[in-house]
Amino acid sequence: VNGVYEAKTSSIDAGTNPRGSYAGDFFLYADQRGSDFKAIGSNKQTVDVYAYQATKNSSDSYYFYKRFYLSLARINKVLEGAEVDVQVGELYALRALFHFDLARLFAKLPCNAQASDPGIVLSTEVFESGYTAERATIAKTYETILDDLKTALDNLPETSKVVTAGHIDYWGARALRARAYLYMNENSKALEDAKYVIEKSPYKLYTKDEYETVWTKVGSSESIFEFLITSLYNAQRNSLGFYTHAEGYAEAGITEGFKNPKVIRLSEGYLIAAEAALKAGGADPASYINDLRKQRIADYEDVASVTIDDILTERRLELYGEGHNAWDTWRNKKAVTNAQVPAGPINYDDYRTVMPIPVSEINVSNGKLKQNEGY
């Protein structure tokens with residue numbers, strides 16, 4: 001199980017190259033493609049991402065694809081002999097997370113797609129050498145993600161916070177399901193899961209006094225799931241630190257303190273609840289925004305109502321640098337405006353919102369694996 005986590009933070013090739021991982025460029029992907037980041041250097045390590053220049057031969061697509069499917073292969077191998085309920089639950093939760101992130105990278109978002117549109121290759125078993133893959137539909141892709149999350153929740157104890165730092169617990173799996181439901185436009189279900197995490201979990205919002213100090217700490221009060229990054233796991237340049245440092249690759253303008261990628265925070269639960277409540281109707285979306293902002297702004301005064309633009313603005317502020325911006329924009333059928341994209345705004349239905357399947361995968365599939373449109 002530790003090896004599964006390790007595969008998402010350190011090298012997949014000889015050496016110490018963590019490309020495609022949460023410790024490297026994947027965690028910057030949606031922010032670099034969004035409206036609030038820019039490359040402040042000229043190294044162009046991730047230009048395919050932030051300038052929307054990806055092709056079927058792009059190294060970014062290759063490393064994302066390879067990283068996630070290697071991790072899924074490890075999960076399936078371990079599950080062949082896994083017997084401990086908690087660890088089985090962790091593995092199913094991670095398998096759901098990795099399929100979900102692959103689907104965000106290589107398929108249309110479900111709220112912007114037909115059920116029969118191509119999703120991703122599903123990796124739910126150990127395959128024989130020579131197996132050639134086909135893409136499942138969007139509907140089957142998200143059905144599989146939800147099935148794995150149900151199995152995870154059935155095996156993980158609904159008790160205290162995660163015992164081992166850097167591992168996913170019941171609350172991480174439940175919050176991830178809320179996120180998946182939000183992407184699927186299943187807003188009542190998203191609201192139910194988000195409310196449950198807010199009301200029942202042991203995680204608490206950061207206070208105003210804590211906010212400046214929590215980002216380099218492990219297991220802080222509202223960090224439901226995070227990958228642990230150390231110099232031993234990731235000692236080379238394709239890392240969050242080097243990508244974001246002004247004297248490193250300078251690919252993204254965020255602060256040096258951004259170190260442990262916090263994959264799921266309780267703040268996101270409040271924001272999911274607000275958005276889902278607004279879209280589902282019959283609830284009070286403003287209450288979730290008010291509860292969150294009271295812990296962020298001195299002498300805050302409650303608002304009586306919020307719009308979707310209010311909620312998206314709050315997501316831009318609260319989840320800055322945590323891998324959400326472009327996808328938040330597109331799943332609400334809006335356009336990203338990024339000064340580094342000379343072709344102008346990137347609308348939610350632009351083919352470039354989806355990355356190309358690596359040409360090496362297409363070539364070995366005997367014609368079974370279909371490329372995304374536009375590539």
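Small disclaimer: the values here were computed from a predicted structure and weren't measured.

Visitor: Got a minute to help me understand empty space enclosed by the protein in this structure?
Guide: It is a probe the size of a water molecule, rolled over the atoms, that shows where empty space is left. The final tally for this structure, using the stated rule, is 2 cavities of 30 Å³ or more. In this structure, the largest cavity encloses a volume near 90 Å³. Around the largest cavity, the lining residues are Y22, F26, F27, A30, D101, R104, R179, V263, E322, G323, H324 and W327. Split into classes, the residues belonging to the lining of the largest cavity amount to 6 nonpolar, 2 polar and 4 charged. The calculated volume of the second largest cavity comes to roughly 30 Å³. Lining the second largest cavity are A175, I224, I264, R265, L266, E268, G269 and I272.

Visitor: Looking at this model, I keep getting lost on the layout of surface pockets. Mind explaining?
Guide: By volume, the largest pocket amounts to about 420 Å³. In terms of lining residues, the largest pocket is bounded by 21 residues, among which Y69, S123, F127, Y131 and A133 are the most central. Here the lining of the largest pocket gets 6 residues from one element, more than from any other, and that element is helix α4 (residues 59-79). By residue class, the composition of the lining of the largest pocket is 11 nonpolar, 6 polar and 4 charged.

Visitor: Help me understand unusual backbone geometry in this model?
Guide: The bulk of non-glycine residues show a negative phi, and the bulk of peptide bonds are trans. The phi dihedral of N185 falls on the positive side, at around 65°, and the residue is not glycine. Relative accessible area serves as the criterion here: at 46%, N185 is assigned to the partly exposed category. With a phi close to 55°, D299 is a non-glycine residue in the positive phi region. Tracing the sequence through the fold places D299 in the loop between α11 (285-293) and α12 (308-318).

Visitor: Explain the side chain of D60 here, please?
Guide: Assignment of secondary structure puts D60 in helix α4. Setting aside chain neighbours within four positions, we find D60 in contact with R19, D25, Q45, T46, D48, V49 and M355.

Visitor: Hey, could you run me through the packing of helix α8 (residues 187-200) against helix α10 (residues 266-280) in this one?
Guide: Think of two packed helices as two axes; the pair is described by the angle between the axes and how far apart they sit. Between α8 and α10, the shortest axis-to-axis distance is 8 Å and the interhelical angle comes to 145°. As α8 packs across α10, the resulting crossing turns out to be left-handed. Two secondary-structure elements touch here, α8 through N187, S188, A190, L191, A194, V197 and I198 and α10 through L266, G269, Y270, I272, A273, A276, A277, K279 and A280. Its residues placed into classes, the contact of α8 with α10 shows 12 nonpolar, 3 polar and 1 charged.

Visitor: Explain helix α6 (residues 138-155) to me, please; I cannot follow it from the model alone.
Guide: Counting along an α-helix, one turn takes 3.6 residues, and residues three or four places apart therefore face a common direction. With 18 residues, α6 should cover 26 Å at 1.5 Å per step; its first-to-last C-alpha distance of 26 Å lies within 8% of that length. Taken together, the buried positions of α6 are I138, T141, Y142, T144, I145, L146, D148, L149, A152 and L153. Those residues of α6 that are buried are in contact with α5 (85-106) and α7 (170-183).

Visitor: What exactly am I supposed to notice about α12 here?
Guide: The complete set of buried residues in α12 reads I311, L312, E314, R315 and E318. Here the buried residues of α12 occupy an arc of 155° about the axis, which is enough to place them on one side. Contact partners of the buried residues in α12: β2 (262-265), α10, α11 and α13 (325-331).

Visitor: Quick question: what am I supposed to make of the pattern of salt bridges here?
Guide: Two side chains of opposite charge can pair, provided their charged atoms sit close to one another. Enumeration according to the criterion identifies 26 salt bridges in this entry. The residue R316 makes a salt bridge to D36 at a minimum N-O spacing of 2.2 Å. Highlighted residues: R316 in helix α12 and D36 in the loop between α2 (29-32) and α3 (47-50), separated in sequence by 280 residues. The exposure class of R316 is partly exposed, given its relative accessible area of 41%. Looking at D36, the relative accessible area reads 27%, which means it is partly exposed. With its nearest N and O atoms 2.9 Å apart, the salt bridge here joins D350 to R352. Since its relative accessible area comes to 17%, D350 is described here as buried. Beyond isolated ion pairs, a larger network of salt bridges with shared partners links E222, R265, R296, E318 and E322.

Basis of the calculations
Residues numbered from 1 in each chain as written. Predicted model: local features only at pLDDT ≥ 70, side-chain atom pairs only at ≥ 80, totals over all residues. Heavy atoms only, no water. 1 Å grid on protein atoms, 1.4 Å probe; cavity = no way out; pocket = protein on both sides within 12 Å on 5 of 7 lines; lining within 4 Å. Points joined across faces, edges and corners; volume = space filled by probe spheres on them. Nonpolar A, V, L, I, M, F, W, Y, C, P; charged D, E, K, R; others polar. Helix = DSSP H or I, 4+ residues; strand = E, 2+ residues; numbered from the N terminus. Buried < 20%, exposed > 50% of the residue type's maximum accessible area, 1.4 Å probe, protein only. Contact = heavy atoms within 4.5 Å. Axes fitted to C-alpha atoms, helices over the stretch in contact; angles between N-to-C directions. Left-handed = near helix turned anticlockwise from the far one by under 90°. Expected span 1.5 Å × (residues − 1). Arc of directions from axis to C-beta. Salt bridge = Lys/Arg side-chain N within 4 Å of Asp/Glu carboxyl O.

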